[in-house]
Amino acid sequence: KMFRKSKLTDGTANGQVGIRKKSRVPGVMITQFTETLPEGKSHPDFTRKPIGLTIQEGKFAFFKAIVTGDPKPTVTWSRNNGDVSDPSRYQAKYDPNSDEHTFEMPNVMADQADTYRCLVVNEFGQALVTVVLNVIEVGFKKNKALQQRNTDENFTTVLKRKSKIRPKSEQTERKDGEIDPRFWELLLSADKKDYERICVEFGVTDFRWMLKKLNEMKEEREKDQAQFVKSLSNLRPIQVNPDGTATFEIDMDLLEPSSSIYLFKDGEMVPYTKELGEEMRHALRQVGKRYIFCMRDLSADDAGLYQLDVEDVTMFSTEFKVPSVDFLVKIKEVAAKEREDAVFECVLSNPCSKIMWFGKNLPLEQGDKYDIEVSEDKLIHRLLVKDCMVVDKGIYSACAGIKSCNAWLVVEADKDVQKGKKAARKTTRAGGAGMDLQKVAQEQQTKLEKERIERREQIKAAKEAAAAAVTTDPSKIPAAAEQTETPAVVSNNTHKENDPKPVITCGLSDIYALHGTSAELTVAMNVPSEGNWFKDGEQLNSTTGVTMTKEGNCHRLTIESCRDNDTGLYRFVSGEHSTQAKLVIGDVPELDEDAFHKFSKPVTVRVGQNAAFKMPFAPQESLMVSWFRNGTEIKDGGGVKIVKEPNHSRLILRDCLRTDTGDVKIQLKNPFGAVEATSQLIVLDRPGPPDGPVEVVETTSSVIEIKWNHPKDDGGSAVTNYAVERQQAGQSLWTKLGEVVADKTSFRDRNVTHGKKYNYRIYAENPEGLSDALETPDSIMAGVMILSGPPGAPKVVNASKTCISLTWTPPVDTRGQPIIGYQVEKRKKDTNEWIALNGVTDPIEDVNCSVRDVTEGAEYEFRVAAINESGSGDLSPPSAMVCAKNPNMRPCFKDPEDFVVIRAGNSARVKVCYEAEPAPQITWLKDDEPISPWINIITIEGMSQLVIPSSKRSDSGIFTIIAKNSVGESSFDIEIRVTDEPKTPGPVELEQTVNGKVIISWAPSPDQDLDDRLYYTVSQHDSNTRVWKTVADRLFTNTYTVNNILPGIEYHFRIYAKNDMGRSDPSQSPTWGANGNRIHSTAVSFERPPSILVPLKVHNSPEGYQLYMTCAVRGCPTPTVSWYLNDVCINSDSNYYITNSFGVCSMYILRVRPEDSGEYKVVAVNSFGQAECSTKLVVRGKCCFI
């Protein structure tokens, strides 16, 4: 069923139809005016459509579009609620170079917020796109807002934000003690773990007050957010990506998908698009419920507080900081081998405690796979990729602020590792910066320190200049001097016009004092002047414990014994100048004595176990907890887990190693001081191997004494004893000799044999187990080395091209040591190198050997050395030079067969092996005549083969192979008989001449004259036993006399013809009756000539397919069935599988070939005649399935 295209009548002229078409650009509506388009013509369409825009009032707004169509279409712009004819507010332009249509609105106003339409028309159709323009007016006016609510509510043109973050132009000066509103905005969107960092950054110390107020603000903010969103989650602060962009993300489920979304930076609206483009740097993409803000082309001006608002409610705030940092040394490409560590290194221009590392665009963290290291001066940063595998290769990046650098990690597979096995872990490191980074960092540190000194000098000079200007001409105070820490707020009229005005030269700074100690606040003026002290806004007077003094230009406020109620904001006012600071009273962190005593106890664990430390303490504000191991601070990550709670802290070291043994310290620190507690971690393990090398103290014919040193590492517990093992050189078995106590580091082996060499290994043992072994580097011989004398010169017993047999006599002088075996060496003629045929550890035990590593035709000489426990002795004189070749010999045949029977039609292969030197000439004869040309002869070294491809009976005969060389000649006769299963003998006749005897005679088989090895077999069946049994075998005549024929019993006889291939079908005799008389059968005869019951069918088969042909044949006796292809018998062809099952004749072809095409015929023959049927097979070309 066909689908009809919808036709439109709206918007078309008379006689036109409107057919809706689908555009390749989503959101484009196309209407075609004609049923069919002329060739080469097309309706209008957009290749780039305008994109919706949200922009601040007063900015430059524009839409761009690129259109196609033939003939070239016209483009018109319009808006839903208004006119666009004013050229001062709306300008439509076309750029023929880029083929772009632009609709511009310079200095966009709030009343221009609307839905705009871009219509493209030619004579064959039109294309329409609508796009929304949102205009935001930051300065909100109530009356204007009320008017706007009465207009179309589908578009938000003016925005009143509930956030307290305002643009710089609208910000008012904050009062003393007032907190920056950015502090609360950041806290509302931050994780709890970041609260402390934000408070430190904004100088907030009262955490309890902060948390209380933050909870109140959160409740109020969540109520406002609930008006527009169902849920907020997965708030990810802004961060820099490896591609040079910065993004922050938020999952937000809006109640109304059409709600307007705005972006602000430091209170000012940020225009954005849905995708990053060339025109705008900011984009806000939506993927499901996730909103992703992206910013490209980063610069220092992009730093600030970014906020995401829905309508007038802030949903998320995040601060983007751009540190003044760059890369002095960038990371470089690393080529590492598989299972090796790779190192990326870089040097920064300014200290940075942490930079971002990325691997294949994914952020990397400290863990089991990666180690992130930072130098003490925070200039050198390293990334260590552990145990590199091939999958780790890719691009790795380092990001510091808005700067980044990247490099490749190339991992080469270990080619030496067997397939399916894992390469061994390597301890080496690849990569690095290729230069002295420490030197670069030191130079940069020196440069930074010099810049800091210069800045301090400039500030000091500015202050001195300001003070000097005040004494001479107060009206010429430098701007730098006016910007002191305490601006003037009150004028002092007591000074005369010529006297210098008082100026604070050294103001107050925050003080943290301990309970019971004194605290002093000091202010320095440029001239003696009066002043007043205030605490929390109330003026202070000298009382008990609080003293206010004046010494020259200095004013001091001294609190002799600080108490809690002394905490507050202190302010000094002198004339129109003032300065203030906080005084905070507190105590150094305290530890409970019981907890301190418990923590100080050592923690003992075994290797691979976890070690845990816990320190409880009272909850305190501004408390920083740090953990140290062996004096180095440790951070959370990898195998270290640090848990910090308000009332305790825990340290967990996972999978401890022996190297983790040492001091573990916790430090509690606040502004008033620090307290520490130290414990000890003991990791128990097997001891290290005894310290070597092994020293030989004594060696005699009966004793070997060795000595070693204590292990360097006892594994955390004392060594209890040492175990000693021994191995005789040349053997694989190690035998334990015994143990010695830990105080003794020597062992005497008394069970040694003079002249033999031994290897020793020593183990250290403690309660955790045995150490690795310390092994002797070389074998130690008992006594002095005694070598044997030389054997007799080797003699050649036999030589051939593949083997030379040698024999020799034992040495006359064995020098009192038994002979273990012999070592044989050979030297090739015209060379000086002697090559050992066997090692000293693999001696030849007999006085003869066969050397098979020889080259045919080369000449060699040999020599022999006797081997005893001390090694290889003196060498014998060399043998006579001998050539590796076979001796001349008359050809002889190796166990050939003299009689071979082959079925007619099969190939015949007769293989005869021979030996001769030199190689003989081979000749084959048949019946003393040359063989036929279709018979193939294949002769290789040591073997000759006669091949008859398709044998016939005429190929039978006596085949003679003749081998002849310069030494002599040999021949051998092989009878080859080609035959087949014999045909059934002729009719059988029975005759009785003597009572009890029957003469059986039969007509000979048709194959009798063709096969002189054919004979007959007679089987008998009687009515008593009803079993067929053979009564005569190997009959070469056509008659046989059967004895013991009894009256009253019926007899039947069968005659078989047999030869080397098998026997024929039987020829049945007539029934022989009882009473000694010949019984003439009156039964109906079923004998008949063959007939075809079901003929063959015509077949048409593709090449390569299977094929079955069947037919049905009847006849008595059972006819012999033959298959023919184009009048050639194929019964014996292996390409056809032929069967005959009770008259059903079948032929099967596994895969049909083109040569199988032709006429197939089935011929059935018995003694009464023959029958045949035929068909044709057509083989088509191969089929291709798609």
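This is a predicted model, so every value here is computed, not measured. Just so you know, the residues in each chain are numbered from 1, in the order the chain's sequence is written. This being a predicted model, a pLDDT of at least 70 is required before a residue's local features are given, and a value of 80 or more before pairs of side-chain atoms are given or counted; all residues contribute to the totals for chains, interfaces and linings. In computing side-chain properties, one takes all heavy atoms of the structure into account and sets aside hydrogens as well as water.

Residue burial is assigned from relative accessible area. The probe radius is 1.4 Å, only protein chains are included, and a residue is buried under 20% of its type maximum, exposed over 50%, and partly exposed in between. Secondary structure elements follow DSSP: runs of H or I of four or more residues count as helices, runs of E of two or more count as strands, with numbering from the N terminus. The element helix α2 (residues 181–189) is largely enclosed, with a buried count of seven among its nine residues. Residue contacts follow a heavy-atom distance rule, with two residues in contact if any of their heavy atoms lie within 4.5 Å. Contact partners of the buried residues in α2: α3 (195–202), α4 (207–225), β12 (229–240), β18 (304–310) and β19 (313–320). Under this definition, polar contacts are N or O atom pairs within 3.5 Å; protein pairs additionally need one hydrogen-donor-capable and one acceptor-capable atom, and for neighbouring residues in sequence, both atoms have to be side-chain atoms. Its side-chain oxygen placed 3.0 Å from the backbone nitrogen of R182, D180 serves as the N-cap of α2.

The next subject is the packing of aromatic side chains. Aromatic rings from Phe, Tyr and Trp, taking only the six-membered ring of Trp, are treated as a pair when their centres fall within 6.5 Å; an angle between ring planes under 30 degrees marks them as stacked, one over 60 as edge-to-face, and anything in between as tilted. On inspection of all chains with the given rule, the structure shows 25 aromatic pairs. Our definition puts a charge over a ring when NZ of Lys or CZ of Arg is within 6 Å of the ring centre and also within 35 degrees of the ring normal. Directly above the aromatic system of W1028 lies the positively charged group of R1054, at a separation of 4.0 Å from the ring centroid. A cation sits over an aromatic face here: K1161 above Y1124, 5.9 Å from the ring centre.

Following the sequence through the fold, K463 ends up in helix α5 (residues 437–472). Here K463 falls in the exposed class, since its relative accessible area comes to 53%. When the C-alpha atoms of K463 and G608 are compared, they prove to be 63 Å apart, with 145 residues separating the residues in sequence.

Moving on, we get to the state of the cysteines. Each disulfide consists of a covalent bond between the sulfur atoms of two cysteine residues. In this description, the term disulfide denotes a pair of cysteine sulfurs within 2.5 Å. This structure, assessed with the given rule, holds zero disulfides. The thiol of C849 is unpaired, and the distance to the nearest cysteine sulfur, on C803, comes to 8.7 Å. Look at C849 and you get buried, because its relative accessible area is 14%.

Covered by surrounding structure in strand β5 (residues 53–56) are L53 and I55 together with T54 and Q56, the residues of both alternating faces. Note: β5 against strand β11 (residues 125–136), four bridges, orientation parallel. Bridge assignment links Q56 to a residue of β11, and that residue is I136. Pairing between two strands requires that DSSP report at least two bridges joining them.

Our focus in this paragraph is the confidence of the model for the protein. Confidence scores here are pLDDT values: one per residue, from the predictor, ranging 0 to 100. Scored by pLDDT, the protein comes out at a mean of 83, with 90% of its residues at no less than 70. Here helix α6 (residues 479–482) is the element of the protein with the lowest mean pLDDT, 37, and strand β58 (residues 821–828) is the one with the highest, 94. Scored below 50 in pLDDT, residues 472–497 makes 34 contacts in the model with residues more than four places away or belonging to other chains.

Bringing the environment of G1143 into the picture now. Residue position: G1143 is located in the loop between β86 (1137–1141) and β87 (1144–1149). For G1143, a relative accessible area of 17% corresponds to the buried category. The spatial distance from the C-alpha of G1143 to the C-alpha of L1093 is 9.3 Å, given a sequence separation of 50 residues. Contact partners of G1143, with chain neighbours within four places excluded, come to C1111, A1112 and V1113.

Glancing now at the side chain of T54. When you line up the elements, T54 lands in strand β5. Not counting chain neighbours up to four residues away, the residues in contact with T54 comprise N134, I136, Y262, M269, P271 and Y272.

The next point concerns the pattern of salt bridges. Salt bridges are identified by distance alone: a Lys or Arg side-chain nitrogen within 4 Å of an Asp or Glu carboxyl oxygen. Applying the stated criterion to the full structure yields 53 salt bridges. With a closest N to O distance of 3.7 Å, R629 and D660 form a salt bridge. Highlighted residues: R629 in strand β41 (residues 624–629) and D660 in the loop between β44 (648–653) and β45 (662–670), separated in sequence by 31 residues. Judged by relative accessible area, which is 24%, R629 ranks as partly exposed. Classification of D660 by relative accessible area gives buried; the value is 15%. Measuring nitrogen to oxygen at the nearest pair gives 3.6 Å for the salt bridge that ties E1155 to R1153. Classification of E1155 by relative accessible area gives exposed; the value is 52%. Ionic contacts of the salt-bridge type, sharing partners, join the residues R236, E249, D251 and R290 into one network.

A few words on the UniProt feature "domain: Fibronectin type-III" (unreviewed entry) in the protein. Look at the UniProt record and you will see "domain: Fibronectin type-III" (unreviewed entry) annotated at residues 689–785, 790–887 and 984–1077. Along residues 689–785 the backbone is 0% helical and 52% strand, and the end-to-end C-alpha distance reaches 31 Å. Regarding residues 790–887, the helix share stands at 0% and the strand share at 41%, and the terminal C-alpha atoms are separated by 31 Å. UniProt positions are given in the numbering used here, feature names are shortened, and annotations may be inferred rather than shown by experiment.

Cross-referencing UniProt, the feature "domain: Ig-like" (unreviewed entry) maps to residues 44–130, 478–570, 887–979 and 1089–1178 in the present numbering. Across residues 887–979, the secondary structure splits into 0% helix and 62% strand, with the terminal C-alpha atoms separated by 43 Å. Within the segment residues 1089–1178, helix and strand shares are 0% and 64% respectively, and the terminal C-alpha atoms sit 32 Å apart.

The next thing to look at is the sheet that holds strand β64 (residues 889–893). The antiparallel open sheet is built from four strands, whose spatial order is β64-β66-β70-β69. Two strands bound the open sheet, and with one partner strand each, they are β64 and β69 (936–940). The average undirected angle you get between the axes of adjacent strands in this sheet is 20°. The pairing of β69 with strand β70 (residues 943–948) spans five bridges and is antiparallel. Among the inter-strand pairings, N936 is bridged to a residue of β70, identified as V947. Axes here refer to lines fitted to C-alpha atoms; in helices the fit is confined to the stretch in contact. Angles between the N-to-C directions go from 0 to 180 degrees.

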